[in-house]
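The chain contents come next:
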Amino acid sequence: VNEGIVFSQEILVTAHVFDVITDGKSEISRLRNEINQLHGQLRKAGVLLEENPATEIPRKDLVEIDPINNERREKVKEAMLHAWNSYVKYAWGMDELQPQSKNGVNSFGGLGATLVDSLDTLYIMGLRDEFQKARDWVAESLSFDKDYDASVFETTIRVVGGLLSAYDMSGDKVFLEKAKDIADRLLPAWDTTSGIPYNSINLAHGRAHNFGWTNGDSILADSGTEQLEFIALSQRTGDPKYQLKAENVIRQLQKIYPSDGLLPIYINPQSGQASYSTITFGAMGDSFYEYLLKVWIQGNKTESVKHYRQMWETSMEGLISLTRQTTPSNYTYICEKSGGSLSHKMDELACFAPGMLALGASGYGPEKAKQIMNLAEELARTCYNFYQTTPTKLAGENYYFHAEQ
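Bear in mind the structure is a predicted one, so any value in this text is a computation, not a measurement.

Reading the values: rules and limits
Residues numbered from 1 in each chain as written. Predicted model: local features only at pLDDT ≥ 70, side-chain atom pairs only at ≥ 80, totals over all residues. Heavy atoms only, no water. Phe/Tyr/Trp six-rings, centres within 6.5 Å; stacked < 30°, edge-to-face > 60°. Buried < 20%, exposed > 50% of the residue type's maximum accessible area, 1.4 Å probe, protein only. Lys NZ or Arg CZ within 6 Å of the ring centre and 35° of its normal. 1 Å grid on protein atoms, 1.4 Å probe; cavity = no way out; pocket = protein on both sides within 12 Å on 5 of 7 lines; lining within 4 Å. Points joined across faces, edges and corners; volume = space filled by probe spheres on them. Helix = DSSP H or I, 4+ residues; strand = E, 2+ residues; numbered from the N terminus. Nonpolar A, V, L, I, M, F, W, Y, C, P; charged D, E, K, R; others polar. Expected span 1.5 Å × (residues − 1). Arc of directions from axis to C-beta. Contact = heavy atoms within 4.5 Å.

### Focus: the packing of aromatic side chains
By the definition in use, this model includes 15 aromatic pairs. Ring geometry for Y87 against W92: centres 6.2 Å apart, planes inclined by 55°, an arrangement best described as tilted. Classification of Y87 by relative accessible area gives buried; the value is 2%. Ring pairing ties together the aromatic residues Y257, F281, F288 and Y289, which thus form one cluster. Of note, K133 hangs over the ring of W92, and the distance from its end group to the ring centre comes to 4.7 Å.

### Quick look at the layout of surface pockets
Of the pockets and cavities examined, the largest pocket occupies roughly 360 Å³. Sorting the residues of the lining of the largest pocket by element identifies α4 (113-124), α6 (152-170), α9 (227-237) and α11 (286-298) as the ones contributing at least two each. When residues in the lining of the largest pocket are grouped by element, the largest group, seven residues, is from α6. Residue composition of the lining of the largest pocket, by class: five nonpolar, four polar and six charged.

### As for helix α5 (residues 128-141)
Here α5 spans 19 Å end to end across 14 residues, near enough to the 20 Å set by a 1.5 Å rise per residue. The complete set of buried residues in α5 reads F131, A134, R135, W137 and V138. Summarising the axial view, the buried residues of α5 lie within an arc of 155°, below the 170-degree limit, and thus occupy one face. Facing away from the buried surface of α5 by more than 90 degrees, the exposed residues are D129 and E140. Against the buried residues of α5 lie α3 (67-91), α4, α6 and α7 (173-186).

### Topic: helix α12 (residues 306-322)
Its 17 residues give α12 an end-to-end C-alpha distance of 25 Å, which sits within 8% of 24 Å, the value for a rise of 1.5 Å per residue. Those residues of α12 not exposed but buried are H307, Y308, R309, M311, W312, S315, M316, G318, L319 and L322.

### Some remarks on empty space enclosed by the protein
Summed over the entire model, instances satisfying the criterion amount to one cavity of 30 Å³ or more. For the largest cavity, the calculated volume is near 30 Å³. Taken together, T280, F281, G282, I334, C335, E336, K345, M346, D347 and A350 make up the lining of the largest cavity. For the lining of the largest cavity, the element with the highest residue contribution is strand β12 (residues 345-347), accounting for three residues. Classifying every residue of the lining of the largest cavity by side-chain character gives five nonpolar, two polar and three charged.

Below you can see the structure in the form of structure tokens.
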């Protein structure tokens, strides 16, 4: 029945597209007849529907397709297909393709990271055959019962996020079941005294720990970048345990939140206190700030998520305090900070900031929104030139800014 409803809606949309693009009246008539037959079958099955299913969409609501944007969209699709087809040919089912050697490697424990992370893109681009083949691999071959120490952060954003997006797009329950399976294997990582999670966990045995090079500390970005996926999983399964674990982290960080909103990258998972370490919008700091804004948006900007926006706005004042400008080239960049000293270094990873600022600007009043959007544009110019100024047009990992250079 559900498939019938969806199919009839798709036919209806197709009819409206024909209406806009061509004068295909006979085709529209045929499609409308098909809709009415489908609706008749659905009514026999006991499904109540509107009396006039083929109501016209008002012309003011129809979007004209800009030919330049359409051409650009096709180029993006071509690039995706180039990458995807190479992955299928040389690295099918593996985590990633090494483009020079044309070998597949399992750098994420053999969880099909590229495949899972590409599902929603394939669906959005209308690449249904490619999506179906990938879906079948997920259903038949994707197993999380692996004696492998997985990054909680990487596995959440790529695997849990990828599966939930595919479920939201397609409605196929296999994706939701797999998302629940992997999330359940990650959950013991949050069993610490403070609730700040360990950043690594063995997927088969549930043993959680932190990476040796952090001296036992948890990483800010790794601990504060699971909220979107875990809230979404709780909403879709009706089980609050995922959301409670992830949101408790933010409540704990609220207790130690500094006046400038800038947290060091290392947090002790037992005490919940920040360790003396670098403050950065680059590696190990970046996505914590991004998720504060996005959870506020995900929560429909309601009272229950107001503290996320408040924390984010505080952090943006901190970001502004770290921005400097080169002379004479006038590139705006974001410094890093250790104790009281600034380092004039900006990671390429910090180039998420212009998009984040643009996304959050509309939540301010007009004057402040303009200031934030201007900063977004200035940082985007810098980031564009990170790429544009190299012979390959590929950016470096880190950029250092020197006075008068």
